[in-house]
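What the coordinates show
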Amino acid sequence: MPLEGENLSFRYTKEEWVLRQIHISMEAGEVVGLVGPSGCGKSTLGKLLAGHLQPTEGHVHLDGVPIPPGIRNPVQLVLQHPEQAVNPKWKLRRTLAESGRIDDNMLAELAIEDEWLNRYPSELSGGELQRICVARALGSGTRYLIADEMTTMLDAITQAQIWQSVLRWAERNHSGVLVISHEHQLVNRLCSRVVEWQSSGN
């Protein structure tokens, strides 16, 4: 079940192109690194692949066909700042329920305590909240995870624990992971293939 972005281009209204005719492809079970400097369009590409943005030109295909609208996207995105990805007025049990069935094994693997789920996002630390976001993204039906600077703001121990859980999930489910980062050391450690990328807009 390959994930492909074909001739992807994107711009905001009449502004200059952020991305121009990008092609990216990865296979189920692959862990791929996408590394490049800030402002080169990495995050925009991640949002296009996960359906958070629609391309100005080009297409995103999963297993050769467009991802149908109106269903839980099998390509999930986890962002750098977890507080931007959750509803501050929802308790975290409701936030997790968005992903469908709550996987108790995944919660345990990510060291998520049950009492956290009865709290609001503002009552958790950044690392705790990011664990919740990762658990939500790895719900049933996810075939690819787009991790956009997912652990950059976290301490080294929390980073290691989250990545270990994600890699075990990927291996267990034969799912793909795209690691978007500016940290060469991180992607070289995690990924079997690394793509070096500069800005593609013009």
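Residues numbered from 1 in each chain as written. Predicted model: local features only at pLDDT ≥ 70, side-chain atom pairs only at ≥ 80, totals over all residues. Heavy atoms only, no water.

Some remarks on the state of the cysteines
Applying the stated criterion across every chain, the model contains zero disulfides. The thiol sulfur of Cys191 is not disulfide-bonded, and the nearest other cysteine sulfur, from Cys40, lies at 15 Å. Relative accessible area serves as the criterion here: at 12%, Cys191 is assigned to the buried category. (Disulfide = S-S within 2.5 Å. Buried < 20%, exposed > 50% of the residue type's maximum accessible area, 1.4 Å probe, protein only.)

Section: the pairing of strand β4 (residues 57–62)
Direction of pairing for strand β1 (residues 3–10) relative to β4: antiparallel, over a ladder of five bridges. Residue pairing across strands places Ser9 opposite Glu57, the latter belonging to β4. Bridging between β4 and strand β5 (residues 65–66) involves two bridges; their strand directions are antiparallel. Counterpart to Leu62 in the pairing with β5 is Val65. Connecting β4 to the antiparallel partner β5 that follows it, the hairpin turn spans two residues, and Asp63 within it adopts a positive phi of roughly 55°. (Pairing = 2+ DSSP bridges. Helix = DSSP H or I, 4+ residues; strand = E, 2+ residues; numbered from the N terminus.)

Describing the pattern of salt bridges
In total, this model carries six salt bridges according to the counting rule given. In this structure, Asp114 and Arg93 form a salt bridge, with 3.6 Å as the shortest nitrogen-oxygen distance. One end of the pair, Asp114, is in the loop between α3 (104–109) and α4 (126–137); the other, Arg93, is in helix α2 (residues 92–97), with 21 residues separating them in the sequence. Residue Arg93 is classed as partly exposed on the basis of its relative accessible area, which comes to 34%. Put simply, Glu109, Arg168 and Arg172 are held in one network by salt bridges that share partners. (Salt bridge = Lys/Arg side-chain N within 4 Å of Asp/Glu carboxyl O.)

Focus on the sheet that holds strand β2 (residues 19–26)
An order of β2-β1-β4-β5 is seen for the four strands of this open sheet, with the pairing classed as antiparallel. Two strands in the sheet have a free side with no partner beyond their single neighbour: β2 and β5. Packing against the sheet, helix α1 (residues 42–49) makes contact with β1, β2 and β4, and its axis sits at approximately 60° to β2. (Contact = heavy atoms within 4.5 Å. Axes fitted to C-alpha atoms, helices over the stretch in contact; angles between N-to-C directions.)

Section: empty space enclosed by the protein
Counting across every chain of the model gives two cavities of 30 Å³ or more. If you go around the second largest cavity, the residues you meet are Ala147, Glu149, Met150, Thr151, Thr152, Trp163, Val179, Ile180, Ser181 and Leu186. Per-element tally for the lining of the second largest cavity: the top contributor is strand β8 (residues 176–181), with three residues. When grouped by side-chain class, the residues that make up the lining of the second largest cavity number six nonpolar, three polar and one charged. (1 Å grid on protein atoms, 1.4 Å probe; cavity = no way out; pocket = protein on both sides within 12 Å on 5 of 7 lines; lining within 4 Å. Points joined across faces, edges and corners; volume = space filled by probe spheres on them. Nonpolar A, V, L, I, M, F, W, Y, C, P; charged D, E, K, R; others polar.)

Considerations on the environment of Gly126
The residue Gly126 is located in helix α4 in this model. Along the chain, Gly126 and Leu154 lie 28 residues apart, while their C-alpha atoms are 7.4 Å from each other. For Gly126, the residues in contact, after removing those within four places along its chain, are Pro82 and Leu154.

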